[in-house]
Amino acid sequence: KQRGAVVLRKALDKVLVESQQPATKRAEEEIVQQLRDRSASLTQLASAKEAAASKDLQALVEEINNALMEEKQHQQQIQREKQRELEQIQQELQQGAVKQAEA
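Worth saying up front: this structure is predicted, and the values here are computed from it rather than measured.

What counts and how
- Residues numbered from 1 in each chain as written.
- Predicted model: local features only at pLDDT ≥ 70, side-chain atom pairs only at ≥ 80, totals over all residues.
- Heavy atoms only, no water.
- Helix = DSSP H or I, 4+ residues; strand = E, 2+ residues; numbered from the N terminus.
- Rg over C-alpha atoms; globule rule 2.2 N^0.38 Å.
- Buried < 20%, exposed > 50% of the residue type's maximum accessible area, 1.4 Å probe, protein only.
- Patch = residues over 30% accessible without salt bridge, like charges linked within 9 Å, V, L, I, M, F, W, Y side chains within 5 Å.
- Areas by Shrake-Rupley, 256 points an atom, 1.4 Å probe, with all protein chains shown as cover.
- Salt bridge = Lys/Arg side-chain N within 4 Å of Asp/Glu carboxyl O.

Chemist: Explain the overall build of the chain here, please?
Modeler: Each helix and strand in the chain was counted, giving one helix and zero strands. In terms of C-alpha radius of gyration, the chain reaches 44 Å, well past the compact-globule figure of 13 Å for 103 residues. Over its C-alpha atoms, taken along the principal directions, the chain stretches across nearly 150 × 15 × 5 Å. Residue burial in the chain is summarised as follows: out of 103 residues, 0% are buried.

Chemist: I'm lost on a nonpolar patch on the surface in this one. Help?
Modeler: Taken together, the side chains of Leu 57, Leu 60, Val 61, Ile 64 and Leu 68 define a hydrophobic patch exposed on the protein surface, amounting to about 470 Å² of accessible area. Along the chain, the position of Ile 64 falls in helix H1 (residues 2-102). Given the relative accessible area of 45%, Ile 64 is considered partly exposed.

Chemist: What should I look at first to understand the environment of Gln 100 in this one?
Modeler: Here Gln 100 shows up in helix H1. The spacing of Gln 100 and Thr 24 is 76 residues in sequence and 112 Å in space, taken between C-alpha atoms.

Chemist: Would you take a moment to explain the environment of Gln 75 for this structure?
Modeler: Mapped onto the secondary structure, Gln 75 falls in helix H1. Note on Gln 75: relative accessible area 41%, which makes it partly exposed. On a C-alpha basis, the gap between Gln 75 and Ile 31 in space is 65 Å, while along the polypeptide they are 44 residues apart.

Structure representation (structure tokens):
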């Protein structure tokens, strides 16, 4: 009787362990899937942040380029004004030299 009870107990234990394995396996698979989903989500988030940073950087570069272009145009305008002033002074000096020569 005891031997039969031990055999029966071992068989029940085996059935119990086997019946729990699929649930454990399913739980492990669910956890693995959740981790994969989370990893994919984090990868997408990282890509989005990288794209945003790249876009911000492009906007900053464009802003700097625009500022440099404006400064260049401003310097050219100053150069033209100085050139005009110089030509006017030269003209006045020539007129003064002509007046002195005539006098």
